[in-house]
Amino acid sequence: MNETLTFRDLGLSEAMLKALEKKGYGYPTTIQAQAIPEFMQWKDVIAKAPTGTGKTFAFGIPMIEHVDTKCDEVQGLILAPTRELAIQIGDELRGLLTYYQGIRVAVLYGGAGIVGQAKQLEKKPQIVVATPGRLMDHYNRKNIRLDKIQTVVLDEADRMLDMGFFKDVTKIIEKVKNRKNLGLFSATISQEVMTVSWMYQRDEVEITVEPKREDRPDIDQYSITVTPLEKAETALRLIRTQNYERVMIFCNTKHMCQRLCDDFQRAGADCDCIHGDIRQSQREKTMQRYRNGQLAILIATDVASRGIDVDDVDCVINFDIPEENEYYVHRIGRTGRAKRKGVAWSIIGNFPEKAKLDEIAKYSQYTIRPMLLGNDGSLTEEEVKAPVIKKRFR
């Protein structure tokens, strides 16, 4: 990830920048930094990138930026292999549309009523996310036209083509007569993906993002699971009982960042925060105090923390589990610098956060050990019980 590059540097609209900041995104992941400029110029893209590297925004942001709100036709089409992925992509796109007027997204997938989906299409969405089979159903019923689509994206192309959708996918691409560009996003570039690229892409830009293993800092990584209401008190007890002298805490949103800072200050902690709602001059003063060792705890969003370069951070705490796997790698990299050993803690407050941390560990091939923190500050490794398998009586 290029720390000096921000979403603003990619030439995005104010509406998009405001939506990204509200969601706690400040700088693009590697795939976003490389793919967005190419998509903005209507280039064909074939990208190999693992799950959790921010692929949806890599194609979703330029697709939204290209929409002509005066036109009621479908202009962007995203094909996904499963209903779960289609729904997830639809939710992520809608999250980016907070400050836009007149851009609509429809999601089409099998296993749900076709009539309800036809009603979505009657509202004239400019972006459609669909599984291939269900899209063909709607096309054959004349519920959707494909001739004004400019951008087609195949997400998880390898899975989709492996699942037997090759014929449907190629038929759909061929019906998009006026497309300007085609994006293929895939964890592996299979023979089928190569065939689709060869058949339909021209002068494609190739992007490869690999999970990074080299040059890893020496960081012990732990997690603690508590109830959501215990998270703040647990983080503070951890800092005090383990005698961490210089700590960075990451939150996903400006609101959480400020709230946690207020809670810590009321508890008498030597702490301050930096986030997007704080004036730049104030942020710089806070940063200077932290660098100089006059401030023990700095709470930050990913956005505001960009470019922080402090060599001797004892401990990083993920108060919120980050939205993107790469953000985790970036956050914990603030400790364990200059050949010193570092410590990173993630505080889990609910099951979705646990699932996200498990995905991060798998993606980055890190070992994150679950721990229990006693009231006296004692730390013991949590025993992870194997699931009980009930025997069936014949």
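Residues numbered from 1 in each chain as written. Predicted model: local features only at pLDDT ≥ 70, side-chain atom pairs only at ≥ 80, totals over all residues. Heavy atoms only, no water.

Visitor: It is not clear to me how the sheet that holds strand β15 (residues 379-381) should be interpreted in this structure. Could you clarify?
Guide: Backbone-to-backbone hydrogen bonds pair the strands of a sheet. The strands run either parallel or antiparallel. Read across the open sheet, the eight strands follow the order β10-β11-β9-β12-β13-β8-β14-β15; overall the sheet is mixed. The sheet is open, and its two edges are formed by β10 (271-274) and β15, each paired on a single side. Recorded for the sheet is a direction-independent mean angle of 30° between the axes of neighbouring strands. Across three bridges, the pairing between strand β14 (residues 369-373) and β15 is antiparallel. Note on β15: the bridge partner recorded for L373 is L379. Helix α9 (residues 231-241) rests against β8 (219-225), β9 (247-251), β11 (297-301), β12 (315-318), β13 (342-348), β14 and β15 of the sheet, and its axis sits at about 85° to β14. (Pairing = 2+ DSSP bridges. Helix = DSSP H or I, 4+ residues; strand = E, 2+ residues; numbered from the N terminus. Axes fitted to C-alpha atoms, helices over the stretch in contact; angles between N-to-C directions. Contact = heavy atoms within 4.5 Å.)

Visitor: How should I be thinking about the side chain of T82 in this particular structure?
Guide: With respect to the helices and strands, the residue T82 is situated in the loop between β2 (76-79) and α4 (83-96). Residue class for T82 comes out buried when judged on its relative accessible area of 15%. Aside from chain neighbours lying at most four places away, what touches T82 is T131, R159 and M163. (Buried < 20%, exposed > 50% of the residue type's maximum accessible area, 1.4 Å probe, protein only.)

Visitor: I would appreciate a short explanation of the packing of aromatic side chains in the present structure.
Guide: A ring pair, where both rings are aromatic, is described by two values, the distance of the centres and the angle of the planes. By the definition in use, this model includes five aromatic pairs. Between F39 and F185, the aromatic rings sit 6.0 Å apart at their centres with planes inclined by 15°, giving stacked as the arrangement. With a gap of 146 residues between them, F39 in helix α2 (residues 30-40) and F185 in strand β6 (residues 181-186) connect regions that are remote in the sequence. F185 carries the same exposure label as F39, and that label is buried. Taken together, a centroid distance of 5.1 Å and an interplanar angle of 65° make the contact between F59 and F185 edge-to-face. Remark: F185 occurs in strand β6 and F59 occurs in helix α3 (residues 55-66); sequence separation between them is 126 residues. Using a relative accessible area of 0% as the deciding quantity, one classes F185 as buried. Put simply, the rings of F39, F59 and F185 pair up and form one aromatic cluster. Across the ring face of W42, the terminal group of K180 is positioned such that the distance to the ring centre comes to 4.4 Å. Lying across the ring of Y290, R246 places its NZ or CZ 5.6 Å from the centre. (Phe/Tyr/Trp six-rings, centres within 6.5 Å; stacked < 30°, edge-to-face > 60°. Lys NZ or Arg CZ within 6 Å of the ring centre and 35° of its normal.)

Visitor: Any chance you could explain the packing of helix α5 (residues 114-122) against helix α6 (residues 132-140) here in plain terms?
Guide: Two numbers describe a pair of packed helices, the interaxial angle and the distance between the axes. The geometry of α5 relative to α6 is characterised by a closest axis approach of 11 Å and an angle of 70° between their N-to-C directions. In terms of orientation, α5 lies roughly perpendicular with respect to α6. Residues I114, Q117, A118 and L121 of α5 pack against R134, D137 and H138 of α6. Residue composition of the contact of α5 with α6, grouped by class: three nonpolar, two polar and two charged. (Parallel < 35°, antiparallel > 145°, perpendicular 65-115°, else oblique. Nonpolar A, V, L, I, M, F, W, Y, C, P; charged D, E, K, R; others polar.)

Visitor: What's the story with the sheet that holds β6 in this structure? I'm lost.
Guide: As summarised here, the arrangement of the seven strands in space is β3-β4-β2-β5-β6-β1-β7, forming an open sheet in which the pairing is parallel. Only two strands of the sheet have a single neighbouring strand rather than two, namely β3 (105-108) and β7 (205-208). When strand polarity is set aside, the average angle formed by the axes of neighbouring strands in this sheet is 15°. Two elements, β3 and strand β4 (residues 127-130), share four bridges in a ladder whose sense is parallel. Note that in β4 the partner of A106 across the bridge is V128. Docked against the sheet, α2 engages β1 (45-48), β5 (151-154), β6 and β7, running at close to 165° with respect to β6. Packing of α5 onto the sheet brings it into contact with β3 and β4, and relative to β3 it is tilted by some 155°.

Visitor: Is there a simple way to think about the state of the cysteines in this case?
Guide: Note on terminology: a disulfide is the covalent bond linking the sulfur atoms of two cysteines. For the coordinates displayed, the defined rule picks out zero disulfides. Left without a disulfide partner, C261 is nearest to the cysteine sulfur of C273, which lies 3.7 Å away. With no disulfide of its own, C271 has C261 as its nearest cysteine by sulfur position, at a separation of 3.8 Å. Owing to a relative accessible area of 6%, C271 belongs among the buried residues under this scheme. (Disulfide = S-S within 2.5 Å.)

Visitor: For this particular structure, what's the right way to read the packing of α9 against helix α10 (residues 254-266)?
Guide: Where α9 contacts α10, the two axes come as close as 11 Å, and the packing angle between them is 55°. Comparing the axis directions of α9 and α10 gives the class oblique. In the crossing of α9 with α10, the sense of the turn from one axis to the other is right-handed. Only L260, D263 and F264 of α10 make contact with α9, whose side of the interface consists of A232, A235, L236 and I239. Its residues assigned to classes, the contact of α9 with α10 shows six nonpolar, no polar and one charged. (Left-handed = near helix turned anticlockwise from the far one by under 90°.)

Visitor: So what exactly am I meant to see when it comes to the pairing of β8 here?
Guide: The side chains of a regular strand alternate, first on one face of the sheet and then on the other. Of all seven residues in β8, five are buried, a share of seventy percent or more. Two elements, β8 and β13, share seven bridges in a ladder whose sense is parallel. Considered in β13, the bridge of Q221 is made with A344. Here three bridges tie β8 to β14, and the two strands are oriented parallel to one another.

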